[in-house]
Amino acid sequence: MQDYQKEKLAKLIVDLVKDPIYQPMKAKEMAMLIGIPKPERAALQEVLDRLVSEGRIGISQKGKYGRTENFTHVGTFHAHPRGFGFVSMEGHENEPDIFIPADYVGEALDGDRVRIIITRSADANHRSEGHITQILEHAHKEIVGFYHKNKSVGFVEPDNQRILKDIYIPQGKDMHAVNGHKVVVKIMNYGDEKHSPEGVITEILGHVNDPGVDILSIVRAYGLPEAFPKDIMRAAQAIPETVPEDTIARRRQHDFRPLTTITIDGEDAKDLDDAVSLEYDETTKQYRLYVHIADVTEYVKEHSLIDQEALNRGTSVYLTDRVIPMLPRVLCNGICSLNPEEDRLTLSCVMDIDASGRILNHEICESVIRSDKRMSYSGVHAILTNTELTNGEDIASYLPYKPLLERMYELSQLLRKRRYERGGIDFDFPETKIILDAQGHVTDIHPYERNEAHMLIEDFMLAANETVAEDFFWQQVPFVFRVHEKPDAEKFQQLSLAIESFGHFIRIRDDESIRPKEVQKLLDAIVGTPEEPIIKTMTLRSLKQARYSTECSGHFGLAAKYYCHFTSPIRRYPDLQIHRIIKEDLRGELDKRRLEHYKNLLPAVADRSSTLERRADEAERETDKLKECEWMRHHIDEEFDGVISGVTNYGIYVQLPNTVEGMCAVRLMDSDYYIFREDKYELVGERTGRTYRLGDHVRVRVLNADKLTRTIDFQLLGPEDSEA
C-alpha cells in the first residue's frame, strides 16, 4: 500500500470512529467493514498503530478501536527509578497496571493522578501500554531531600528514588542551608520539558549525619504527623485520670473486677488495650473466655477534636526509634490503658467455647475490669515452657498464675486447631528486631520470633474479632469489616509454575478453586525444607492485600466468613469506629437517623483507614531498610552465609540469617554469562552450567550499603562455605 493510500486510509478511519453510530471494534472487524483485503491488513494495522500513538484514535485493553475520549483512563502513576512507570487505573483495581514507557511519562512524578490513553492492548507476552496525556493532580506538595549547592545554584535531590528530577532552589529561598543538610522543600512550580521543578526550603532537618535526622526525613517524607496541636493536648489533659464511681455503677451488671484478669504484651509496651480472663467448667468441659478491650470511645467522642485528629492519623506508626501514636500519650498510656491494679472501662466479648474449640454462645457488653498483672510475652513463654526468664522480670510473680496460663494455652491450641481445620493460613515469618543505642545508631539486628504467648493472645483476639464481625453482619447494621479477597488466578498460576522447580505444586483450576486449604497444604509440605522461607515469601506476594470495607466479603487468609478489627482501638481508627456502633447498639440508640449517618460515613472511613495503613506500613519498612543499610556499612568487605531470596535477570537477592537482604549483581558474579529462566526462578551460567535458584545457600561479601537508596550490594562468592 502506497504512502498516499495510507494517508487516505488514516483519514477514513478517523472519520469512521467519529461517527455517532460507530461502535468500537477490533482491527479484523474494521478491515471487513471498510473492505480491506487480507494481503493489505498489515498496512491497516500499521495505520491503526500510528493513529493511536498520535492520539487521534483510542484503543481499549481488549484491542478495540474507537474515539480517543472513550479510551482515556484516570489512575495513579507509579514511577520506576529507571524512568518508566505504571498506572493503576481507578475503578479497575483487579486489572494489571498499564505500562508507561519512559518517553511518554511526560512531567508526571511518582504518585501523581494522571489521565492516559492506551496505545497497545495486552497480549500473551506484554501488558497493556499507554501514554500520559494529562496530570490531574500532583501527589507531592512537599519533598524531603539532600541539599547541594554548586556556586550560586542550589538543588534538592529527593530521598524518594522514584522522583527522578532534582528541585531547583532559587537564591534567597534556601533558609541558608548548606551542602549536606536534609531539608523539606515546598514545590512552587513542577517544571516542564526544559525546566526543573522549583521550590522553597521550608525546614532544615539537620545535617545528614546528625543522630535521628535519617528517620525524621522519612517521617516528613510520608507526611506523618508527630506532635499533637495544643488544643488537642488540652482536650486530652482535661479527661479525668480515674473512672468515676457513678460510671462504674452503670456497668455493675458486667462488673468483671472479681475475675482474675491479665494483660500480655511486649516488654516495652505502654498502651495496653487488651486483657483476658478465663473460667473453666469441669462438669461441662467448657471454657468461658473474656476478651476485654479498652473502651476508648468513652473518652474520644465522635466529631471531637481528638476524634478528628485520630481519623486524620488513622493508625499508630511504629518506626525503629519512635512511635507516632494515633491518640495523645496521656490517653494511650493513662486512662485508656488497662494498667494493673487500676479500674478501667472496657468493651468485653464473652465467649462460651466447647472442648473442640467451637464458640457456642457469646455476649458483647460494656464492662469494667481491674487487671491483676501485667505480663510480658517472655514471661508467659518461660512459664509455659519451664525455661529461665532472662529479661530481668521476677519469675516468682508469675507462678500464682501458672494454672491459669496453662489453661489459656490449652484453649488457644483448640482455637488454633479449629482454624487450621477450616483452612486458616499461618505464615509465621520472623520479624526483624533492630536494636539502637541512645544516639539512634544500630547495635544489633536479629530475627524476633513469635512464641507460645504471642500465639495465645493472637488466638484469643482472632476469636473476638470474628465473633463481633459475625454478630454485626447478621444484625445488618452499617459496620467496618476487615476483608481479604481471593487471590488472582493468574498470580497463582505463576506461583504454581515457580514452585514446580522445587518439587511442589498447588492445585488451581479457576478463581473458584483457589481456596485457603490449598495454600495451607503447600505450606505444610514445605515445613523444614531449605526452600520453606522462599516459597512462603512467594506465596505471600501472590495474595491480595487486606483492607477495610463496609462489605463483609470474608478473609481469605484466615478462612473466615466474617472478620473485623475490634481489639486495638488505641492504635487503629477502624476499631475505634466500630466501638461506637457497638455501644450505640447495646444502648438501643441505633435509630433510623443514626443508621443513615453510619451508612454515609463508613465507606470514607474504610477507604481512608486502608490508605493510611499502607502509608504506615511503607514508612515502617523504609526505616527498617535504612537502619539495615546503616548496620551493614559497618561490615563492608566482611563475608556472610545467606539464602537466595529472589532471582531476576539482573541479579540475585540474598537474605542473611539476621533477616537483612542485599543484591548480587549479575555483572559482578563471575566471568560466565548468566541466562535468567523466569519460569524456574533461576540463573544458569551459559559456559559453566552453574545454576543459582531460590532457596540455594550461598556465601557473599558486603560491597556497599547506601542509606539514601536503601540498597545493600553483595558480591557472590559461590555456594555456602566455599573459598573465595
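Residues numbered from 1 in each chain as written. Predicted model: local features only at pLDDT ≥ 70, side-chain atom pairs only at ≥ 80, totals over all residues. Heavy atoms only, no water.

**Looking at the environment of Arg593**
Move 1: Checked against the element boundaries, Arg593 lands in helix H16 (residues 592-633).
Move 2: The exposure class of Arg593 is exposed, given its relative accessible area of 58%.
Move 3: Residues Arg593 and Gln171 lie 422 residues apart in sequence; the distance between their C-alpha atoms is 58 Å. (Helix = DSSP H or I, 4+ residues; strand = E, 2+ residues; numbered from the N terminus. Buried < 20%, exposed > 50% of the residue type's maximum accessible area, 1.4 Å probe, protein only.)

**Points about the pairing of strand S19 (residues 359-370)**
Move 1: The pairing of strand S18 (residues 343-353) with S19 spans 11 bridges and is antiparallel. Across the sheet, residue Arg344 finds its bridge partner in S19, namely Ile369. (Pairing = 2+ DSSP bridges.)

**Considering the packing of aromatic side chains**
Centre distance and the angle of the planes are the two values used to describe a pair of aromatic rings.
Move 1: This model, assessed by the stated rule, comprises 12 aromatic pairs.
Move 2: Arranged with centres 5.2 Å apart and planes meeting at 45°, the rings of Phe473 and Tyr562 form a pair that is tilted. You can see Phe473 sitting in helix H11 (residues 452-475) and its partner Tyr562 sitting in the loop between strand S24 (547-549) and helix H15 (573-586), a full 89 residues away along the chain.
Move 3: With relative accessibility at 29%, the residue Phe473 sits in the partly exposed group. (Phe/Tyr/Trp six-rings, centres within 6.5 Å; stacked < 30°, edge-to-face > 60°.)

**Some details on the nonpolar core**
Move 1: Core analysis: the biggest nonpolar cluster contains 54 residues, and Ile264, Leu405, Phe460 and Phe566 have the highest contact counts within it.
Move 2: Take this core: its biggest share by element is 10 residues, from H11.
Move 3: The residues contacting Ile264, other than those within four sequence positions of it, are Met375, Ser376, Tyr377, Val380, Leu405, Ala453, Leu456 and Ile457.
Move 4: Core analysis: the next-biggest nonpolar cluster, separate from the first, contains 47 residues, Ile506, Phe556, Trp631 and Val666 among them. (Core = buried A, V, L, I, M, F, W, Y, C linked by side-chain atoms within 4.5 Å. Contact = heavy atoms within 4.5 Å.)

**Re the sheet that holds strand S29 (residues 682-685)**
Move 1: Taken together, the 3 strands give an open sheet; going across it, the order is S28-S29-S30, and neighbouring strands pair in antiparallel fashion. In this open sheet, the two edge strands, each paired with only one partner strand, are strand S28 (674-677) and strand S30 (691-693). Averaged over all adjacent pairs, the angle separating strand axes in this sheet is 20°, with direction ignored.
Move 2: Pairing between S28 and S29: 4 bridges, direction antiparallel. Note on S29: the bridge partner recorded for Phe676 is Leu683. (Axes fitted to C-alpha atoms, helices over the stretch in contact; angles between N-to-C directions.)

**Observations regarding unusual backbone geometry**
Move 1: Located in the positive-phi region is Met175, a residue other than glycine, with phi close to 55°.
Move 2: Note that Met175 resides in the loop between strand S10 (167-169) and strand S11 (181-189).
Move 3: Met175 sits in the partly exposed class, given a relative accessible area of 42%.
Move 4: Despite not being glycine, Glu341 shows a phi value in the positive range, around 60°.

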